[in-house]
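The primary structure of each chain is shown beneath.
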Amino acid sequence: MLNSKKLKEERGELDAKINDLKASWLTEERSGAATHEEIELHDKMVGEREALDLKIATAERIEVKEESKEEERSVKKFNSFAIHTGKHSWSEDLVNKGLKAKMLESLGQELTSEQRSAMEKCGFTGQRMALENRANMSVGTPGDGGHLTQQLLLDRIVDSIAQHGGLLSLVKTEVTDKGSDLRIPLADHSGRKATIRLENGPQVPTNFTFSSTVIPTYMYTDSVKCSVSLLRDSQYDIVSYITNGLGTALAVAQGEHLVNGDGTGEGLGLLQSTTAGTVTGGASSIEFEDLLDMEDSIDPAVIARGNCKWVFSPSAIRMIKGLTDLEGKPLFHPSISAGAPATVLGYPYVVDTWYEAVGTEGNIVATFGDHSYMIRRTVGDMETGIDPYTYRASEGNISYFVEQSMGCKLAVASTFHPVTHLEMGSDGS
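Computed from a predicted structure; not experimentally measured.

J.: Got a sec to walk through the overall build of the protein? Specific residues and values, please.
T.: Counting secondary structure elements, the protein contains eleven helices and 14 strands. Per-residue burial for the protein yields a buried fraction of 40% across its 429 residues.

Laid out in C-alpha cells, this is it:
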C-alpha cells in the first residue's frame, strides 16, 4: 500500500539531487552552462518527481478514505451500543445529526450551534472526514453489495486521460474557480536592451509593451447508461470499462481541440495559432534540414530552460525514424534505460494522432519548442457522478456521467515564438 510519508521523503531526496545537479553548472567556472547529459539527467529526475507527486496525491486520498471508513465503523459501533443496550448517552438521532454536521463542515459550510454541539458530543471534531458521495446501489460480484463512490470514479477517469499523452501531456493546465473569461497579461520584450550613457549624459528610457489575451471555456460532457442487472451479475469489471470509456471520450474531444480547435465555440488549437513560428518543408518528405531549421527558430534562451520537446504525427515519426544526419548517424535514438525517453536530435518527443499526415501541402505534421506556453484552462475539478434514479424505474438503468469546462490557447505575445510548426510545402520548396 502507498505510504504518503515515505513518498514525501523520497521526493525530498530527489529534490536535493536536482538542486545539487543545478548547483554543479551554476558555478563561476562554468557560468551556468550545462552539458547535454546533465540536461537529460535533470529532465529525467523532474519527470520522476512529477510521478512521485501523483503517487503522493493518490496515497493521501487513499489514507483519507481509510480514516473515514475507520471513523464510520467507530460511529456504527457506538450507535449500535446505544440503541441495543441503552448504556451509552448517544442516541441514534444524535449520531445522525453529528454525522450530518461533520459532512457539512467538510464541504466548508457554516454550522449552527446545535449542529456543532452534536458533532462535538459524538467526538467528530478531530481529523477531517472524507465525504464520499455514494449512490444508492449495489455493485460488484453477486451478493457482495457495496458502493461505488464519486471519488473512485474520478480517479479512474483521470488515469484514463493521463494515458493518452500527445500534446495533452505537454501543455500547461490552469485551474480557475469560475467560468468567466480568463484574461492573461502578455509582455513583449523584443528589441529592448540597455544603452551606454555618457558621463553627465541624459537617461533615455524605454518602455515595456503589454497586451493580453482571453481564454474562454466550453463545457465537455459524456454519459453512459448501464443496466442494474449487468452491474450486479457480470463477472467482469464493468464499472472500470465504463469509467475508462468516459475518460477516453473526454481526452479525445479535448485533445482534438488542443490541436485543431478553431476558436469558435471551442478552444484555439496549437496548429491553428498564428502566434507560433512556421518552417516549410517539402510536400512528400521530411528532411534533416527541416528539423534543424525548427530547432534554430527557437530562441536559445527558451531551449536553455530544458523544456523543449517535439510533437509528431504518426506518419511524421515513422519517416523520421529512417532519417540520418550528414555523417549518416540516425536522428532517432530509442530509450536505452527505464524512465529515459526516446529522442530526436537529443530532444524527447510525443506522438499526437490529431497532427496531420505527411504528403499534403499545407498540412502541419510536427511542432517543436516549449509547449507549456500552450494553456489548457479548466474550471474547478472534473465533475463526475452517478444518477441511480432517472432511468431506474422506466429502463432499469444507472447513468454515469463526466463533465469538465475547458478552453485553450497559445498565450504569447505576437513577436515571441516558443513553438514552431513544420508545414508541408510544395515539392519544389
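J.: Just give me the short version of the environment of Glu 174, but keep the residues and values in it.
T.: Within the secondary structure, Glu 174 sits in strand E1 (residues 172-176). Setting aside residues no more than four positions away along its own chain, Glu 174 makes contact with Ile 375, Arg 376, Arg 377 and Thr 378. At 3.3 Å, the side chain of Glu 174 forms a polar contact with the side chain of Lys 172.

J.: Provide a residue-level description of helix H1 (residues 4-25), including the pertinent values.
T.: Compared with the 32 Å implied by 1.5 Å per residue over 22 residues, the 32 Å span of H1 between its first and last C-alpha is a close match. Taken together, the buried positions of H1 are Ser 4, Leu 7, Leu 14, Asp 15, Ile 18, Leu 21 and Trp 25. The arc that holds the buried residues of H1, viewed along the axis, is 125°, so those residues lie on one side. Across H1 from its buried face, at more than 90 degrees, point the exposed residues Lys 5, Lys 6, Glu 13, Lys 17 and Asp 20. Where H1 begins, one side-chain oxygen reaches toward the backbone nitrogen of Lys 5, 2.9 Å away; that side chain belongs to Asn 3.

J.: Please provide a residue-by-residue account of the pattern of salt bridges, values included.
T.: For the structure shown, the criterion picks out seven salt bridges. For the salt bridge of Arg 11 with Asp 53, the shortest nitrogen-to-oxygen distance reads 2.4 Å. On the criterion of sequence distance, the pair formed by Arg 11 in helix H1 and Asp 53 in helix H2 (residues 36-85) is long-range, its members being 42 residues apart. You can call Arg 11 partly exposed: its relative accessible area is 24%.

J.: Requested: an account of unusual backbone geometry, with residues and values cited.
T.: Both trends apply: most residues other than glycine have a negative phi, and most peptide bonds are in trans. At Asn 200, a position not held by glycine, the phi torsion is positive, near 65°. Checked against the element boundaries, Asn 200 lands in the loop between strand E2 (182-188) and strand E3 (209-215).

J.: Now, about a negative patch on the surface: what can you tell me, with residues and values included?
T.: There is a patch of like negative charges on the surface, built from Glu 287, Glu 289, Asp 293 and Asp 296. Within the element layout of this structure, Glu 287 appears in the loop between strand E5 (277-281) and helix H8 (288-296). With relative accessibility at 39%, the residue Glu 287 sits in the partly exposed group.

J.: Break down the packing of aromatic side chains for me, with residues and values.
T.: Summed over all chains, the structure comprises seven aromatic pairs. Within the aromatic cluster, the residues linked to one another by ring pairs are Trp 310, Phe 312, Phe 332, Tyr 347, Tyr 349 and Phe 368. One residue, Lys 225, lies across the ring of Tyr 391, its end atom 4.5 Å from the ring centre. Its end group placed over the ring of Phe 332, Lys 321 keeps NZ or CZ at 5.2 Å from the ring centre.

J.: Kindly report on the sheet that holds strand E10 (residues 364-369), identifying the contributing residues and their values.
T.: Here we have seven strands laid out as an open sheet, ordered E5-E14-E10-E6-E9-E8-E7, and mixed in their pairing. The sheet is open, and its two edges are formed by E5 and strand E7 (332-333), each paired on a single side.

Calculation notes
- Residues numbered from 1 in each chain as written.
- Predicted model: local features only at pLDDT ≥ 70, side-chain atom pairs only at ≥ 80, totals over all residues.
- Heavy atoms only, no water.
- Helix = DSSP H or I, 4+ residues; strand = E, 2+ residues; numbered from the N terminus.
- Buried < 20%, exposed > 50% of the residue type's maximum accessible area, 1.4 Å probe, protein only.
- Contact = heavy atoms within 4.5 Å.
- Polar contact = N/O pair within 3.5 Å; in protein donor to acceptor, adjacent residues only side chain to side chain.
- Expected span 1.5 Å × (residues − 1).
- Arc of directions from axis to C-beta.
- Salt bridge = Lys/Arg side-chain N within 4 Å of Asp/Glu carboxyl O.
- Patch = residues over 30% accessible without salt bridge, like charges linked within 9 Å, V, L, I, M, F, W, Y side chains within 5 Å.
- Areas by Shrake-Rupley, 256 points an atom, 1.4 Å probe, with all protein chains shown as cover.
- Lys, Arg positive; Asp, Glu negative; His and termini not counted.
- Charge placed at Lys NZ, Arg CZ, Asp CG, Glu CD.
- Phe/Tyr/Trp six-rings, centres within 6.5 Å; stacked < 30°, edge-to-face > 60°.
- Lys NZ or Arg CZ within 6 Å of the ring centre and 35° of its normal.
- Pairing = 2+ DSSP bridges.

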